[in-house]
Amino acid sequence: MIDLRNSLETLRRRLEDSVSQFMASDQGQRLIAWYEQLSRRDRLALRGLCGFAALVVLYSLLLQPLIDYSSRAQRRLLEEQELIAWLRANEPVAKAAAAASMAGRDQSVASLVNSSAKANELTIRRYEPAGDGSIRVWLEGAQFNSVVKWLYQLQSVHGIHAAEFSVERESEPGRVSARLTLEG
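Here's what I pulled together on the structure shown here. (Residues numbered from 1 in each chain as written. Predicted model: local features only at pLDDT ≥ 70, side-chain atom pairs only at ≥ 80, totals over all residues. Heavy atoms only, no water.)

### Focus: the pattern of salt bridges
Note on pairing: side chains with opposite charge can pair once their charged atoms come close.
Point 1. The full count for this structure, using the stated rule, is seven salt bridges.
Point 2. The residue lysine 95 makes a salt bridge to glutamate 91 at a minimum N-O spacing of 3.3 Å. Of the two residues, lysine 95 and glutamate 91 both sit in helix α4 (residues 91-104), four residues apart, roughly one turn of that helix.
Point 3. For lysine 95, a relative accessible area of 54% puts it in the exposed group.
Point 4. Where glutamate 168 meets arginine 179, a salt bridge forms, and the shortest distance between an N and an O atom there is 3.9 Å. Of this pair, glutamate 168 sits in strand β3 (residues 161-169) while arginine 179 sits in strand β4 (residues 175-183); the two residues are eleven residues apart in sequence, bridging distant segments of the chain.
Point 5. What makes arginine 179 partly exposed here is its relative accessible area of 41%.
Point 6. Shared partners join several salt bridges into a network, and the residues in it are Glu9, Arg12 and Glu16. (Salt bridge = Lys/Arg side-chain N within 4 Å of Asp/Glu carboxyl O. Helix = DSSP H or I, 4+ residues; strand = E, 2+ residues; numbered from the N terminus. Buried < 20%, exposed > 50% of the residue type's maximum accessible area, 1.4 Å probe, protein only.)

Have a look at this one:
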């Protein structure tokens, strides 16, 4: 608060100094002379116009930005409250999905990979353990779209992802041979 007061006082002094310097200059003296030549009614109108201009500047530089900021903050608050309400409403669904995901982890990676491959009509030609919950898998003559769908399901449902992935196109369109290292 003290820094703000000091800053405002410094700004006021600089403004007064600038106005004093301007009024002491030739242009300032001509402005004063021009103002004094105006009729009383014109001086009053000029003062009113200057006051109005000062209010417009004050509003546009200070008040409008504050009003805009307040409106944005209120909008953001409402959005955050809606998000919290949605999260609370969907909490049971998320907990059920997490429980289902954790239930799947009781099975080994090899059995999950094998059962999900069969469900996606993929035939695993060979697989071998690769250490710490990883497995190497070879697929031959598989539909590329089925492989991609299978990998997506492994990731989203069982939390198993492809650490390494190598695909070669076969002579038949849409068919591939793939070598994968899957980790869960």
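What follows continues from the structure just given.
### Examining the packing of aromatic side chains
Point 1. Under the definition given, this model contains zero aromatic pairs.
Point 2. The positively charged end of arginine 126 is found above the aromatic ring belonging to tryptophan 138, 4.2 Å away from the centroid. (Phe/Tyr/Trp six-rings, centres within 6.5 Å; stacked < 30°, edge-to-face > 60°. Lys NZ or Arg CZ within 6 Å of the ring centre and 35° of its normal.)

### Considerations on the nonpolar core
Within soluble globular proteins, side chains that are nonpolar tend to cluster in buried spots.
Point 1. By size, the foremost hydrophobic cluster in this structure holds 19 residues, and its most contacted members are Val113, Val137, Leu139, Trp150, Leu180 and Leu182.
Point 2. When contributions to this core are tallied by element, the ones reaching two or more residues are α5 (109-119), β2 (134-143), α6 (144-158) and β4.
Point 3. If we ignore the near neighbours within four places in the chain, the residues touching valine 113 are Ile124, Ile135, Val137, Trp150, Leu154, Ile160 and Leu182. (Core = buried A, V, L, I, M, F, W, Y, C linked by side-chain atoms within 4.5 Å. Contact = heavy atoms within 4.5 Å.)

### Quick look at the packing of α5 against α6
Helix packing geometry: the angle between the two helix axes and the distance between the axes.
Point 1. One can describe the packing of α5 onto α6 by two numbers: an axis separation of 10 Å at closest approach and a directional angle of 130°. For the element pair α5 / α6, the angle class is oblique. Crossing geometry of α5 relative to α6 is assigned as right-handed. Contact residues: Leu112, Val113, Ser116 and Ala117 in α5; Trp150, Leu154 and His158 in α6.
Point 2. Here the contact of α5 with α6 is composed, by residue class, of five nonpolar, two polar and no charged. (Axes fitted to C-alpha atoms, helices over the stretch in contact; angles between N-to-C directions. Parallel < 35°, antiparallel > 145°, perpendicular 65-115°, else oblique. Left-handed = near helix turned anticlockwise from the far one by under 90°. Nonpolar A, V, L, I, M, F, W, Y, C, P; charged D, E, K, R; others polar.)

### Quick notes on the packing of helix α2 (residues 26-37) against helix α3 (residues 40-89)
Point 1. Orientation of α2 relative to α3, taken along the N-to-C sense of each, is 125°, at an axis distance of 8 Å. With respect to α3, the element α2 is oriented oblique. Contacts between α2 and α3 involve Trp34, Tyr35, Glu36 and Gln37 from the first element and Arg43, Leu46 and Arg47 from the second.
Point 2. The class makeup of the residues in the contact of α2 with α3 is three nonpolar, one polar and three charged.

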